[in-house]
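Letter by letter, the chains look like this.
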Amino acid sequence: MKKVAVTALVLGLGLAACQPKAEENNAANETAIENNAEADTNAAATDATNAADNALDQAGNAIDNAGEAVENAADAVGNAADNAAQ
């Protein structure tokens, strides 16, 4: 009977040693949460940077278009003056 009890005790201790500890699981979960939060923050920062870059590009394009419109208007005035002189 003592052999059975000792064998059961040894097996029980062996199984207990194989069980992951709650603290280790909690630490792993916290690390995963922190890593996911960092990834989300980086993605948001990238999105914000891309949006700002696009807005600046659009503003630059609008300025270029306005400059071309002024040039076209000046050319039209010059053409109208030339046509009136003929």
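See above for the structure.
So, here's what we can say about the structure. Because the structure is predicted, anything quoted here is derived from the model rather than measured.

A few words now on the overall build of the protein. Scanning the protein for helices and strands turns up 2 helices and 0 strands. Burial statistics for the protein: of 86 residues in total, 0% are counted as buried. When the accessible surface of the protein is totalled, it reaches about 7,300 Å², and 59% of it is carbon and sulfur.

Right, let's get into a negative patch on the surface. A surface patch of like charges, here negative, comprises D64, E68, E71 and D75. Tracing the sequence through the fold places E68 in helix 2 (residues 22-85). Since its relative accessible area comes to 45%, E68 is described here as partly exposed.

Basis of the calculations
- Residues numbered from 1 in each chain as written.
- Predicted model: local features only at pLDDT ≥ 70, side-chain atom pairs only at ≥ 80, totals over all residues.
- Heavy atoms only, no water.
- Helix = DSSP H or I, 4+ residues; strand = E, 2+ residues; numbered from the N terminus.
- Buried < 20%, exposed > 50% of the residue type's maximum accessible area, 1.4 Å probe, protein only.
- Areas by Shrake-Rupley, 256 points an atom, 1.4 Å probe, with all protein chains shown as cover.
- Patch = residues over 30% accessible without salt bridge, like charges linked within 9 Å, V, L, I, M, F, W, Y side chains within 5 Å.
- Salt bridge = Lys/Arg side-chain N within 4 Å of Asp/Glu carboxyl O.
- Lys, Arg positive; Asp, Glu negative; His and termini not counted.
- Charge placed at Lys NZ, Arg CZ, Asp CG, Glu CD.

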